[in-house]
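Residue-level structural notes
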Amino acid sequence: MPCALCLQEAELRRSHIIPEFLYETLYDEKHRLQVLSIVPERDNWREQKGLRERLLCDACEQKVSVWERYASLVFKGGIALTVRQDGDIVHISDLDYRQFKLFQLSVLWRAGVSSLQFFEKVQLGKHAETLRRLILAEDPGSPERYGCFMFGLKHEGGVFTGLIMQPGKTRLDGHIAYRFVFGGFLWAMLVSGHDLGVPLNRCTLSATGHTAILLRNAIEMKNLVSFSMKLGQMGRL
Ligand SMILES: [Zn+2]
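Structural notes, computed from the coordinates. (Residues numbered from 1 in each chain as written. Predicted model: local features only at pLDDT ≥ 70, side-chain atom pairs only at ≥ 80, totals over all residues. Heavy atoms only, no water.)

Here we look at the side chain of Lys63
For clarity, the cut-off: Each helix is a run of H or I in the DSSP string that is no shorter than four residues. Each strand is a run of E no shorter than two, and both are numbered from the N terminus. Here a residue-residue contact requires only that any non-hydrogen atoms of the pair lie within 4.5 Å.
The topology assignment puts Lys63 in helix H1 (residues 58-76). Those residues in contact with Lys63 that sit more than four places away from it in its chain are Leu5, Ile135, Leu136 and Glu138.

Pasting the structure below:
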C-alpha cells in the first residue's frame, strides 16, 4: 500500500487521524470516550478507541508528529504564549504559525483521506491533493486559505475536554467548513478556493501567530449559527 502522504510504497503505520495526545483527557475511568447526552445530534456520537488506520509511512508519521508535539505543548502549557481575555474572546499571540497551521491542516487532511466511517462526512474533493502537497512540503500555505476558527468549549464553568464528535460539514458566513470537536475545542476548518478576507481572517491563525478563540458553552454547540453570528463581531475586534 502506498503512503497517503508521500505516495511511496512502504509499510504503513497505524496512524491516528485525530492526534493521540488529544485523547489523553478524553477517556473516563472505564477508558471510554465520554458521550454528552445534552447535544441533540446524539446519533452522531460514537464511542471510539483511537480512530486509527494504516495511512502513513514511518517517515511521514515522523513529519506529522513534530507538529503534533508542538500543538500538544501549546495545549499543555509548555510553550510561552501571550494570552489576553476580552470577555468571551481569548486572544492568543506568539504561536508558531508554521507549526500550528500544519498541525491543523494535517488533522483536516487525514480526516479527508481516512476511510473510517467516523470521518465519512469530510469530503475534501480537489482540496485533498492541495493539502497533501502542502503538508508533504511542510508548507503551511497562506493564512487566507484553510483557516481554522477555534471555539473553546466550557461546560459548567470549566473547560470541557471530555468530548469527541463526528466531524460534519457546515457553512460559516457562506464558506464551506468542516466542524471537529476534540481537545476541548470546536474547530471549524474552512475549505475554499477563495481567500478568507476581512473580517474573518482576523479570527483565524495569522502569519504573525495570533488567533482568537471564542469561548462558548458546550450546550450551545447544537448549532453553528450562533457561532457564526459571533464571528462577525470577533472580526471587528
Ligand atoms: Zn510517506
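A short note on unusual backbone geometry
The step from Val198 to Pro199 runs through a cis peptide bond, and the omega angle for that step is 5 degrees. As for its position among the elements, Pro199 is in the loop between strand S9 (185-190) and strand S10 (211-217). Unusually for a residue other than glycine, Leu7 sits at a positive phi of about 65 degrees. Positive phi values are uncommon outside glycine, yet Glu138 reaches one of about 55 degrees.

Observations concerning the coordination of the zinc ion
Our working rule: Only nitrogen, oxygen and sulfur atoms count as donors, using a 2.8 Å cut-off from the metal that widens to 3.2 Å for Na, K and Ca. Water is left out, so coordination shells may look unfilled. Only four donors with every angle between 85 and 135 degrees are called tetrahedral; only four or six donors with opposite donors over 155 degrees apart and all others between 65 and 115 are called square planar or octahedral, in that order; all others are irregular. Only protein chains enter the accessibility calculation, which uses a 1.4 Å probe; a residue is then buried when its area is under 20% of its type maximum, exposed when over 50%, and partly exposed in between.
Looking at the zinc ion, the protein donor atoms are Cys3 (SG), Cys6 (SG), Cys57 (SG) and Cys60 (SG), and they sit 2.3 Å from it. Classification of the site at the zinc ion as tetrahedral follows from its four donor atoms and the range of 105 to 116 degrees in their angles at the metal. All donors of the zinc ion come from a single chain, and their spacing in sequence reads C-x2-C-x50-C-x2-C. No difference in accessibility class separates Cys3 from Cys6, as the two residues are buried.

Observations concerning the packing of helix H2 (residues 97-113) against helix H3 (residues 127-136)
Basically, it comes down to this: Angles shown run from 0 to 180 degrees and are taken between the N-to-C directions of axes, each axis being a line fitted to C-alpha atoms and, for helices, limited to the stretch in contact. For this classification, under 35 degrees means roughly parallel, over 145 means roughly antiparallel, 65 to 115 means roughly perpendicular, and everything else is oblique. For any helix crossing, the convention is left-handed if the near helix is rotated counterclockwise from the far helix by under a right angle, and right-handed if that rotation is clockwise. We call Asp, Glu, Lys and Arg charged. Ala, Val, Leu, Ile, Met, Phe, Trp, Tyr, Cys and Pro are nonpolar, and the rest, Gly among them, are polar.
Interhelical geometry of H2 versus H3 gives an angle of 140 degrees and a closest axis separation of 10 Å. Accordingly, the angle class assigned to the pair H2 and H3 is oblique. H2 and H3 meet at a crossing whose hand is left-handed. Every residue of H3 that contacts H2 at Leu102, Leu105, Ser106, Leu108 and Trp109 is listed here: Ala128, Leu131, Arg132, Leu134 and Ile135. Counted by class, the contact of H2 with H3 contains eight nonpolar, one polar and one charged residues.

Describing H1
Worth spelling out the cut-off: For a helix, the expected span equals 1.5 Å multiplied by the number of residues minus one.
Here H1 is 19 residues long and its end C-alpha atoms lie 26 Å apart, about the 27 Å a rise of 1.5 Å per residue gives. For H1, every residue scored as buried is listed here: Cys60, Glu61, Lys63, Val64, Ser65, Trp67, Glu68, Tyr70, Ala71, Ser72 and Val74. Note on H1: the residue one or two positions beyond its end, Gly77, has a positive phi of about 85 degrees.

Some remarks on the environment of Tyr146
Our working rule: Definition of a polar contact: a pair of N or O atoms within 3.5 Å, with one able to donate and the other able to accept a hydrogen when the atoms are protein atoms, and with sequence-neighbouring residues admitted only if both atoms are side-chain atoms.
Turning to its location among the elements, Tyr146 is positioned in the loop between H3 and strand S5 (148-155). Taking the C-alpha atoms as reference points, Tyr146 and Ala177, 31 residues apart in sequence, are found 8.9 Å from one another. Beyond its immediate sequence surroundings of up to four residues, Tyr146 is in contact with Lys101, Leu105, His127, Thr130, Leu131, Leu134, Leu190, Val191 and Ser192. In terms of polar contacts, Tyr146 uses its side chain to reach the side chain of His127, at 2.7 Å.

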